[in-house]
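Each chain, written out:
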Amino acid sequence: MVDAASSHAHADPLAGVLDLVRLRGTVLGVAELGAPWGLRSPGFEDLAVHIVVRGGAHLELASRRQSLALRAGNVALVAAGQVHAIRDAPRSGVVSFRRLRRAPRVDSRTVRWGGDGPRTTLVVGCLELDAAGRDLLTAALPPVVHLPAEAASAGQLGLVHALAGEVARPGLGAEPVLTRLAELLFIQALRTCIAAGTAEHGWLRALADPAIARALAAVHADPGADWTVAALAARAGMSRSAFAPAFHRLVGEPPLAYVTTWRMRTAARALKQDAAVSLKELAARVGYGSDEAFSRAFKNWAGAPPGQYRRAAREARTEARPHHRGLGPDEPRR
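Residues numbered from 1 in each chain as written. Predicted model: local features only at pLDDT ≥ 70, side-chain atom pairs only at ≥ 80, totals over all residues. Heavy atoms only, no water.

Participant: How should the overall build of the protein chain be read in this particular structure?
Facilitator: Within the protein chain, the secondary structure is distributed over 13 helices and 11 strands. When burial is assessed residue by residue, the protein chain has 50% of its 334 residues classed as buried. Here the contacts in the protein chain between residues at least 6 apart in sequence split such that 74% fall between residues at least 24 apart. Accessible surface, the protein chain as shown: approximately 15500 Å² in total, 54% of it carbon and sulfur. (Helix = DSSP H or I, 4+ residues; strand = E, 2+ residues; numbered from the N terminus. Buried < 20%, exposed > 50% of the residue type's maximum accessible area, 1.4 Å probe, protein only. Contact = heavy atoms within 4.5 Å. Areas by Shrake-Rupley, 256 points an atom, 1.4 Å probe, with all protein chains shown as cover.)

Participant: Can you help me understand helix H7 (residues 210–221) in this one?
Facilitator: For H7, built from 12 residues, the straight-helix expectation of 16 Å at 1.5 Å per residue is met to within 8% by its first-to-last C-alpha distance of 16 Å. The buried count for H7 comes to 10 of 12 residues, which makes it a mostly enclosed element. Where H7 is buried, its residues contact helix H2 (13–20), helix H6 (203–206), helix H8 (229–236), helix H9 (240–251) and helix H10 (255–273). Sitting at the amino-terminal end of H7 is Asp209, which places a side-chain oxygen 3.1 Å from the backbone nitrogen of Ala211. (Expected span 1.5 Å × (residues − 1). Polar contact = N/O pair within 3.5 Å; in protein donor to acceptor, adjacent residues only side chain to side chain.)

Participant: Explanation requested: the sheet that holds strand E3 (residues 47–54) in the structure shown.
Facilitator: Strands in a sheet are paired, the pairing made by backbone hydrogen bonds, and the direction either parallel or antiparallel. Taken together, six strands build an open sheet; the order of strands is E9-E1-E10-E3-E6-E11 and the sheet is mixed. In this open sheet, the two strands that pair with only one neighbour each are strand E9 (110–114) and strand E11 (144–147). The mean angle between the axes of side-by-side strands here comes to 25°, regardless of whether they run parallel or antiparallel. In the packing of helix H5 (residues 174–196) onto the sheet, contacts are made with strand E1 (23–34), E3, strand E6 (75–78), strand E10 (119–129) and E11, and the angle to E1 comes to roughly 90°. (Pairing = 2+ DSSP bridges. Axes fitted to C-alpha atoms, helices over the stretch in contact; angles between N-to-C directions.)

Participant: Honestly, the side chain of His84 in this entry has me stumped. Any pointers?
Facilitator: Relative to the helices and strands, His84 is located in strand E7 (residues 84–87). Of the residues examined, His84 reaches a relative accessible area of 2% and is grouped as buried. Side-chain polar atoms of His84 contact the side chain of His50, separated by 3.0 Å. If we skip the residues at most four places from it in the chain, His84 touches Leu39, Arg40, Ser41, Phe44, Ala48, His50, Leu59, Glu60, Leu61 and Val78.

Participant: It is not clear to me how the pairing of strand E4 (residues 56–61) should be interpreted in this structure. Could you clarify?
Facilitator: Residues in a regular strand project their side chains so that they alternate between the two faces of the sheet. Relative to strand E5 (residues 66–71), E4 runs antiparallel, the two being bridged by six bridges. When the sheet's bridge partners are listed, Gly56 is paired in E5 with Arg71. Taken together, the four bridges between E4 and E7 define a ladder with antiparallel strand orientation. From the neighbouring strand, His58 faces E7, where its bridge partner is Arg87.

Participant: When you look at the sheet that holds E4 in this model, what are you seeing that I'm missing?
Facilitator: With mixed pairing, five strands are arranged side by side in an open sheet as E5-E4-E7-E2-E8. Looking along the sheet, the strands with just one partner apiece sit at the ends: E5 and strand E8 (95–96).

Participant: Would you mind showing me how to read the packing of H2 against H7 here?
Facilitator: Between two packed helices, the angle of one axis relative to the other and the distance separating the axes together describe the packing. Packing of H2 against H7 brings their axes to within 7 Å, and their N-to-C directions diverge by 40°. Taken as axis vectors, H2 and H7 run oblique relative to one another. In this structure, H2 meets H7 at a crossing whose hand is left-handed. Along the contact surface, H2 presents Pro13, Gly16 and Val17, while H7 presents Ala213, Leu216, Ala217 and His220. When grouped by side-chain class, the residues that make up the contact of H2 with H7 number five nonpolar, two polar and no charged. (Parallel < 35°, antiparallel > 145°, perpendicular 65-115°, else oblique. Left-handed = near helix turned anticlockwise from the far one by under 90°. Nonpolar A, V, L, I, M, F, W, Y, C, P; charged D, E, K, R; others polar.)

Participant: Sorry if this is basic, but what is going on with the nonpolar core here?
Facilitator: One broad rule of soluble globular proteins: the nonpolar side chains tend to lie buried together. Counting residues in hydrophobic clusters, the biggest one holds 59 residues, and the most contacted among them are Leu141, Leu163, Phe186, Trp203, Leu204, Ile212 and Phe243. If sequence neighbours within four positions are ignored, Leu163 has contacts with Val27, Ile51, Val123, Leu178, Leu181, Ala182 and Leu185. If you look at the next biggest cluster of nonpolar residues, it comprises 26 residues, including Ala35, Ala57, Leu61 and Leu100. (Core = buried A, V, L, I, M, F, W, Y, C linked by side-chain atoms within 4.5 Å.)

Participant: Looking at this structure, how should I read the pattern of salt bridges?
Facilitator: In this structure the tally under the stated criterion is three salt bridges. For the salt bridge of Arg285 with Glu281, the shortest nitrogen-to-oxygen distance reads 3.3 Å. Here the residue Arg285 and the residue Glu281 both occupy positions in helix H11 (residues 279–285), the gap between them amounting to four residues, near one helical turn. Arg285 gets classed as partly exposed once you look at its relative accessible area, which sits at 38%. Here Glu281 falls in the partly exposed class, since its relative accessible area comes to 42%. (Salt bridge = Lys/Arg side-chain N within 4 Å of Asp/Glu carboxyl O.)

Participant: Would you explain unusual backbone geometry in this entry?
Facilitator: With glycine set apart, most residues show a phi of negative sign, and most peptide bonds adopt trans. The peptide bond linking Ala35 to Pro36 adopts the cis configuration, its omega dihedral lying at -5°. Structurally, Pro36 can be placed in the loop between E1 and strand E2 (38–41).

Participant: What am I meant to see in the environment of Ala182 here?
Facilitator: Residue position: Ala182 is located in helix H5. For Ala182, a relative accessible area of 10% corresponds to the buried category. The sequence separation of Ala182 and Leu163 amounts to 19 residues, and the corresponding C-alpha distance is 7.9 Å. Look past the residues within four positions of Ala182 in its chain and what remains in contact with it is Gly25, Leu127 and Leu163.

Participant: Got a minute to help me understand the environment of Leu157 in this structure?
Facilitator: Mapped onto the secondary structure, Leu157 falls in helix H4 (residues 154–168). Along the primary structure Leu157 and Val75 are separated by 82 residues, whereas in three dimensions their C-alpha atoms are 9.6 Å apart.

Given below as structure tokens:
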């Protein structure tokens, strides 16, 4: 069982999800854009982030012929791999983001591009997720998450201004500051998806249902508990017969299948982060009576036994790709 402090921290099911996600925000650069202008991307490797600090823009997704009008203070997160364009007006021509390599530079982070018309300041970044986080979130998020300034809280607007200010005038510790600000904007995006009901499917959509969210919070807080459908239904405040189909419909899998998946995700995170944890200790932590039973279950889920998974994660860390360092040569890759 988890201790009281941990249980309290995870009373919110989203907190449990965020514990498993490792996120790094990277600002690729700032573009000072004069109308007419237009930029096109074949899709970022990671979640693309476009923040309009001044002026306005139109964001278009090729896959859905969807267009969003962005104003100062707006944030748009575009899912990995989504072909999209951003421009000052719907009919403006577009060029590849890579053309910004040859754009005049104001400073090491900022480029100037476009015509002599009204100006827009655009911060472009990405949110890099590790493999576990990408798997957990990619299917749940819609192709684009829009955080409009019109409906934004003072906190969101403060984050946008803080990020823009840090990019324009980086101080000591700028990189970790930018990372934290990007993480907070990402959490705000998840909240927006839940509140607006725009999540594609799975656990993120289910968090909008208070009863199912209570059951998810219980699993996230204590994955090693002896969960049964009846016990989860009791946490949700529902009858067993009503709970099971409702959970399956919203989450996309039966309750106990979700419990197993969450246990494996929890174990995978521990294997990556805690070199000292033994398989026996980890098995007990996620609800298995023996390390043999846990190893079989983990291999069925991950395709590799725990020890091999841990070694592969260690090797991947040593071979991690360098972080992007601005619009230009390190512009989004596919």
